Amino acid sequence: MSNLVEELKVLIIDVLNLEDVTPADIQADEPLFGEGLGLDSIDALELGLALQKKYNISIDAENENTKTHFASVNNLAKFVAESQGA
Amino acid sequence: MQWQEIFGYSTDDAIFCIGADGRAISFAEFKRDLADASAYLSELSESKQSSTLKRAALYCTDTYVFCVWLFAGLGCDLQLVIPANNKRATASALANAIDGIDLWLGEWPAQEAAVATPALADAPQGALPQAFTGTLQLFTSGSSGEPQRIDKTLPQLMAEISAQQQQWQAITAGCTVLATVSHQHIYGLLFRLLWPLASGRPFAGKTYVDVAALLDDAERLTPALWVASPAQLSRRNDAWPWHKAEHLSGIFSSGGPLAVDDAAAIAALSGHWPLEIYGSTETGGIAWRQQQDGNILWTLLAGVALDTYQTAESQTPLLHVQSPWVESGFATQDCVAFVGERFELRGRADAIAKIEEKRISLTQVEQLLSASPLVASAKVLVLPKNAERSRDLLGALVVPTRVGALELSQQGKSALMRKLRAWLAPDLDGVALPRSWRFVREIPVNQQGKSPRELLMQAFENDHEFSVPAAMLPQVEATEIDRDDNRDDNAQPKRARAMLRIPADLPCLPGHFDTAPVVPGVVQIDWAVHFGKQLLQIPGEFAGMENIKFKQLLVPFEQAELELSFDTEKQKLSYRFFWESDEFSSGKLSFQHA
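An account of the accompanying structure is given in this report. (Residues numbered from 1 in each chain as written. Chains lettered and ligands numbered in written order. Predicted model: local features only at pLDDT ≥ 70, side-chain atom pairs only at ≥ 80, totals over all residues.)

1. Regarding the overall build of chain A
Here is step 1 of the chain: Secondary structure assignment for chain A yields four helices and zero strands.
Here is step 2 of the chain: In chain A, the succession of helices and strands from N to C terminus is α-α-α-α.
Here is step 3 of the chain: Based on the C-alpha atoms only, the size of chain A along its principal axes is roughly 35 × 25 × 20 Å.
Here is step 4 of the chain: In chain A, which comprises 86 residues, the share counted as buried stands at 35%.
Here is step 5 of the chain: For chain A, the share of sequence-separated contacts (at least 6 apart) that also reach a separation of at least 24 residues comes to 59%. (Helix = DSSP H or I, 4+ residues; strand = E, 2+ residues; numbered from the N terminus. Buried ≥ 20, exposed ≤ 12 C-beta atoms within 10 Å, placed from the backbone. Contact = placed C-beta atoms within 7 Å.)

2. Side note on the nonpolar core
Residue and element names in this part refer to chain B.
Here is step 1 of the chain: Within the largest apolar cluster, 95 residues are counted, with the highest numbers of intra-cluster contacts made by Leu 58, Trp 69 and Leu 178.
Here is step 2 of the chain: Residues lining this core come from more than one domain, with at least three contributed by each of domain 1 (18-139) and domain 2 (153-301).
Here is step 3 of the chain: Once you skip the residues sitting within four places of it in the chain, Leu 58 turns out to touch Phe 66, Trp 69, Leu 70, Gly 73, Leu 80, Val 81, Ile 82, Leu 105 and Gly 106.
Here is step 4 of the chain: Judged by nonpolar contacts, the second largest core, of 37 residues, contains Leu 369, Leu 381, Leu 433 and Ala 459. (Core = buried A, V, L, I, M, F, W, Y, C linked by C-beta atoms within 7 Å. Domains from an automatic or database assignment.)

3. Focus on the sheet that holds strand 23 (residues 436-439) of chain B
Residue and element names in this part refer to chain B.
Here is step 1 of the chain: Reading across from one edge, 21-22-23 is the order of the three strands in this open sheet, with mixed pairing throughout. The open sheet has two free edges, formed respectively by strand 21 (375-383) and strand 23, since each of these has just one partner strand. Sheet twist, expressed as the average angle between the axes of neighbouring strands with direction ignored, equals 20°.
Here is step 2 of the chain: The pairing of strand 22 (residues 393-400) with strand 23 spans four bridges and is parallel. Of the residues in strand 23, the one forming a bridge with Gly 395 is Ser 436. (Pairing = 2+ DSSP bridges. Axes fitted to C-alpha atoms, helices over the stretch in contact; angles between N-to-C directions.)

4. Let's talk about unusual backbone geometry
A negative phi holds for most residues other than glycine; trans holds for most peptide bonds.
Here is step 1 of the chain: With an omega of -5°, the peptide bond running from Thr 222 of chain B to Pro 223 of chain B counts as cis.
Here is step 2 of the chain: Turning to its location among the elements, Pro 223 of chain B is positioned in the loop between helix 7 (211-220) and strand 10 (224-228).
Here is step 3 of the chain: For Asn 17 of chain A, which is not glycine, the phi dihedral falls at a positive 50°.
Here is step 4 of the chain: Turning to its location among the elements, Asn 17 of chain A is positioned in the loop between helix 1 (2-15) and helix 2 (41-55).
Here is step 5 of the chain: One non-glycine residue with positive phi stands out, namely Asn 547 of chain B, at about 55°.
Here is step 6 of the chain: Its location among the elements puts Asn 547 of chain B in strand 26 (residues 541-550).
Here is step 7 of the chain: On the basis of neighbour count, Asn 547 of chain B is assigned to the exposed category, with 9 C-beta atoms found within 10 Å.

Take a look at the structure:
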């Protein structure tokens, strides 16, 4: 899981071109959107797309859980791990 | 306006909306909900003094709930203020405006105590409004600055709907409307709500985030329409079930022009060339185009009349619009070139930037930044999409205050960046938050004392030619290469000088040392190697050093002069960092041919 957390941090930085941000700057449990890392709605689109492509998982954005999945890197890692295991 | 002028459903059984839970809501059910919401508002306005209930702010995530309160408000003769978002800053700007807000309808987390919207099931039962006399106030698609308030009447909006209907009825007939854009903007309000209402078609209550889910629903609810935007259409996944796009009758796109590659990719995947609508909150719809067969020209909507005007600053003519749904003509800031009856758009003439369909006032971002105790002054500019940036984004050039500079040297750039983004976040949409940051001693100005974009851009251009990362280098204010008495320009120069300024955001400063940041000696040696290679074209590899002396501390914001001389026979570079009579460090570095 901790590998996946690090992998996701790198993915977030790469996909969203976060300049001057290193994986160490992203707290695994901090909010990704709004406060915390402060990502925006376009980032959500890009990140969702990247996750779908990289892990071949479907993100049902209409599902109420989606907000929870995207809340933090930890949650994303759990979601990716579960979707792949399923 | 009367019922029949707004609602085109032929029977009470007609499907009005597909609720967020997927359930079909009939026209009769809507009327019951509307009656209840209207009764609630009437009671409220009687309990208050009727003169105090005039303006209601309305924000809902669910388009069905929005629709119910919208028409309840219009039926109670209210002015409905419909902002793009329900952020704290939006709410306080509305509350503090001259005319204020008398009632908060829908979801207003920041105004919790004041929000007065019951769940529809709990509203008192009542009678339907007879007519809809209220008005609307919309906002320009600004994600920063003072979004401009634009007053609209229902008849104006319905006049545009009738022009759109005339243009597209063959495509839209019988379609359920699915959308990836919000109804809180004019485009979504018209295309995903008022238009289906007028032509008696169902609309989906939720705003789709996942296109795969939208395509699934298109199949389930066939035939369907997709009300989209360039932001969504430019971000695709080939793995989505595009074959279900055969259940779409068309794809609309508005908010900004769609890149031709995106239009073509969508056409290839879905079989539909997106129908692009050009317009703005001020003007409503103006024209449309489809980029099939390389077309870039826009065709006027029925009822719209255009002419051009010129200003002292503008090189090209700007578009002036008149239509039945614009109060009086409107002078846009869009540059235009006519080709017969049709026209080409050639960008905006003003300093408003547009990123991902959102207008951003750079001045406002600068003002907000400058209000931070960490910032002395700031300049903000749009950094265009390129090989390294997957989209247009904002860059901020910031001169920190003493507190800010201390923070920068103690906590590092990433931490200060994050603090400033958090400072801006309550007031700005995410897209308007600068992504790329440079902390400098002063904002660069040219000889006229201005800071044109090109000059500011230089701070964001990374230098890939040399091995030291750009962020690790000092600011270069001037260089001078001394070619000796040798007149041959191709000869390797012997001596050079560089005037340097030490940036406060060097990655090596944090922790070195917390209370008094200094440039580490090894970094100074790196700089000598870097500028030796750059200015004196030293070909070999760094091989050793001798006589290295550190005399005084080199600290952020200071100026330094670097003096370099290269002995080609011994392959040795002598360097000296100094400023006036102070010497920081000096030494000799030897090079070997690779």
